[in-house]
Every structure is written in structure tokens, then in C-alpha cells.
Amino acid sequence: GAVVSQHPSWVICKSGTSVKIECRSLDFQATTMFWYRQFPKQSLMLMATSNEGSKATYEQGVEKDKFLINHASLTLSTLTVTSAHPEDSSFYICSARETGVLGEQYFGPGTRLTVT
Amino acid sequence: GQSLEQPSEVTAVEGAIVQINCTYQTSGFYGLSWYQQHDGGAPTFLSYNALDGLEETGRFSSFLSRSDSYGYLLLQELQMKDSASYFCALPYNFNKFYFGSGTKLNVKP
């Protein structure tokens, strides 16, 4: 199957700083990527849909100005958590779907963010 | 909107068969997917059903009944490495996915 990479795999930052997470599709082009958030022992919650060359669309309740998404190329999407606070500590996972393959998406390995 | 219900936890012994059920509600149905996630890892795709019936992939099978808004994942010949969380998921709005709360499978020797 297709491979999605994510970087960094874990990051610790201080409250008030910003953190950027990269998501890359390694062997396919992804016009659309997705960003999820997962708290311990809970489900994946879709935060936003990242669209190449256009603005991201955010799910209800997700702050656009806090979670900045940029999809500058067909293989790269970035999520920047701005002015991070301890409550932003979570597991962030990106995914991508190959065009036409409904029902299957490929997930990155995730980024564990800890805000101190 | 979408909703999914699945059991929170299931325990079975090595070599056994286990079935994880999932019931759903959605305004537009585009199929039901199943994903596996080990602790600390990323979800990996297991199967997808768009039509009624059973899809078999090795030790794992998935079933769908659209009239009952119901599906299940069947794991046979359980191995210790199958201990993980299993999520059913609904594709919606063509591109997005809604995930169930997950079923934690504990496989005991």
C-alpha cells in the first residue's frame, strides 16, 4: 500500500510556542490529506481536510487560527499548532487517500505532542 | 450526521475466533471500513465493504448488511499480535471518514 510519513514523531514544547508537523505522501500524490487528533484510549477525531492549492476546511469546533494547515504541494501538508497550551497535548495523525479508492486511507505514524 | 456503535472491549484466547460488531447511522452511505491500531501506532486499513456480504482477507473477514445498518469484523485463528484496537469507520461527504469509538481486543494465551 501507499506510504505516508509524518515528522516529527514526538515533540515537547513550552506553553505559548508554536509547533509544525509535516505529513508527506511518499509514493503517491494526494490532493487531499486529513488531520486527526486522538486522545489516549479514544477515537480519532477529524480536525480538518487539507486541500492542495486551496484553503483547508475545518470541522466544527476546531479553531482555524490555532491549527494552521498548509498544503503547498501534492505530497506535503503541514499542521502548525500556534500558541500551544497543555490542553493541546495529544496524538496528531495525518492521512491521505488515493484518488478513486473509496473506503481506504493511509495514515502517517502520528506525532505525539506534549506541551509543558 | 453519522454515528457508530461498537463494543468497548473484547477478550479472547489465542487460536479462537472473535467477532466485533458495529452498527451505524448515516445520512449517506458510502460503505463501511475497518482499521486496526496498536497502542502508540497509526491505524492501518483492514477492509472495506460497500455491498452486502462477506469480504475475506486472510484471517480477517468483514461483513455488511445495509438493510440492518450493521457490520462486523471477524478475526480467526487469533494471535497475540492481534491485540489492538479495532475501529469501524464511515466514509462520508465523499472524502471524509468518521470513526467509531474503537474496540480494544485483548488476546490471552
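Q: Explain the overall build of chain B to me, please; I cannot follow it from the model alone.
A: Along the backbone of chain B there are zero helices and eleven strands. Helices (α) and strands (β) of chain B occur, in sequence order from the N terminus, as β-β-β-β-β-β-β-β-β-β-β. Computed over the C-alpha atoms, the radius of gyration of chain B is 13 Å, within 12% of the 13 Å expected from 2.2 N^0.38 for a compact globule of 109 residues. Each principal axis of the C-alpha atoms in chain B carries an extent, and together these give about 40 × 30 × 20 Å. In chain B, buried positions account for 48% of the 109 residues. For chain B, contacts bridging at least 24 residues in sequence account for 56% of all contacts bridging at least 6. Counting only carbon and sulfur atoms, one obtains 48% of the accessible surface of chain B, whose full area is about 5,200 Å². With 6 positive and 10 negative side-chain charges, chain B shows a spacing of 6 Å between the two charge centroids.

Q: Sorry, what's going on with the overall build of chain A here?
A: Counting secondary structure elements, chain A contains zero helices and eleven strands. Ordered by position in the sequence, the α and β elements of chain A form the string β-β-β-β-β-β-β-β-β-β-β. Relative to a compact globule of 116 residues, whose C-alpha radius of gyration would be 13 Å, chain A shows 13 Å and is just as compact. By residue count, 53% of the 116 residues in chain A fall in the buried class. Taking the contacts inside chain A whose residues are at least 6 apart along the sequence as the reference set, 54% of them involve residues at least 24 apart. Carbon and sulfur atoms form 53% of the exposed surface of chain A, whose accessible area is close to 5,600 Å². Considering chain A, the positive charge centre built from 10 side chains and the negative charge centre built from 10 side chains are found 6 Å apart.

Q: I would appreciate a short explanation of the interface of chain A and chain B in the present structure.
A: It is common to give the size of an interface as the accessible area lost on bringing the parts into contact. The interface of chain A with chain B comprises 20 residues on the first partner and 20 residues on the second. Summing both sides of the interface, chain A and chain B together bury roughly 1,700 Å²; the carbon and sulfur share of this comes to 57%. Two residues, E59 of chain A and K96 of chain B, come together in a salt bridge whose shortest N-O distance is 2.7 Å. If you tally residues by element for the side of chain A that touches chain B, the top one is strand 4 (residues 32–38) of chain A, at four residues. Class assignment of the residues belonging to the side of chain A that touches chain B gives a composition of nine nonpolar, eight polar and three charged.

Q: I'm lost on the sheet that holds strand 7 (residues 67–73) of chain A in this one. Help?
A: Strand pairing in a sheet is mediated by backbone hydrogen bonds. Such pairs are either parallel or antiparallel. Residues and elements named next belong to chain A. Reading across from one edge, 1-3-8-7 is the order of the four strands in this open sheet, with antiparallel pairing throughout. Every other strand in the sheet has two partners, leaving strand 1 (4–7) and strand 7 as the edge strands with one partner each. Ignoring which end each strand starts from, the neighbouring axes of this sheet average 15° apart.

Q: Please explain the state of the cysteines as it appears in this structure.
A: Two cysteines, two sulfur atoms, one covalent bond between them: this is a disulfide. Enumeration over the complete set of coordinates arrives at two disulfides over all chains. Two residues, C23 of chain A and C94 of chain A, share a disulfide whose sulfurs are 2.0 Å apart. Its torsion about the S-S bond being 80°, the disulfide of C23 of chain A and C94 of chain A is classed as right-handed. You can see C23 of chain A sitting in strand 3 (residues 19–25) and its partner C94 of chain A sitting in strand 9 (residues 90–96), a full 71 residues away along the chain. Sulfur-sulfur distance for the disulfide between C22 of chain B and C88 of chain B comes to 2.2 Å. Of note, the bridge from C22 of chain B to C88 of chain B carries an S-S torsion of about 80° and is right-handed in sense. Linking C22 of chain B in strand 3 (residues 18–26) with C88 of chain B in strand 9 (residues 84–92), this pair joins segments that are 66 residues apart in sequence. Of all cysteine sulfurs, the one in C94 of chain A lies closest to C13 of chain A, which takes part in no disulfide; the gap is 18 Å.

Q: How do you make sense of the environment of G28 of chain B when you look at a structure like this?
A: All names here are of chain B. For G28, the position within the fold is in the loop between strand 3 and strand 4 (32–37). Taking the relative accessible area as the measure of exposure, G28 reaches 22% and is therefore partly exposed. Put simply, G28 and K108 are 80 residues apart on the chain and 39 Å apart in space, counted from C-alpha to C-alpha.

Q: What should I look at first to understand the side chain of D82 of chain B in this one?
A: Residue and element names in this part refer to chain B. Secondary-structure assignment places D82 in the loop between strand 8 (70–75) and strand 9. Judged by relative accessible area, which is 2%, D82 ranks as buried. A distance of 2.8 Å separates a polar side-chain atom of D82 from the backbone nitrogen of Q79. Residue contacts for D82: discarding those within four places in its chain leaves Q36, R59, F60, E77, L105 and V107.

Criteria and cut-off values
- Residues numbered from 1 in each chain as written.
- Chains lettered and ligands numbered in written order.
- Predicted model: local features only at pLDDT ≥ 70, side-chain atom pairs only at ≥ 80, totals over all residues.
- Heavy atoms only, no water.
- Helix = DSSP H or I, 4+ residues; strand = E, 2+ residues; numbered from the N terminus.
- Rg over C-alpha atoms; globule rule 2.2 N^0.38 Å.
- Buried < 20%, exposed > 50% of the residue type's maximum accessible area, 1.4 Å probe, protein only.
- Contact = heavy atoms within 4.5 Å.
- Areas by Shrake-Rupley, 256 points an atom, 1.4 Å probe, with all protein chains shown as cover.
- Lys, Arg positive; Asp, Glu negative; His and termini not counted.
- Charge placed at Lys NZ, Arg CZ, Asp CG, Glu CD.
- Buried area = accessible area lost by both parts, 1.4 Å probe.
- Salt bridge = Lys/Arg side-chain N within 4 Å of Asp/Glu carboxyl O.
- Nonpolar A, V, L, I, M, F, W, Y, C, P; charged D, E, K, R; others polar.
- Pairing = 2+ DSSP bridges.
- Axes fitted to C-alpha atoms, helices over the stretch in contact; angles between N-to-C directions.
- Disulfide = S-S within 2.5 Å.
- Polar contact = N/O pair within 3.5 Å; in protein donor to acceptor, adjacent residues only side chain to side chain.

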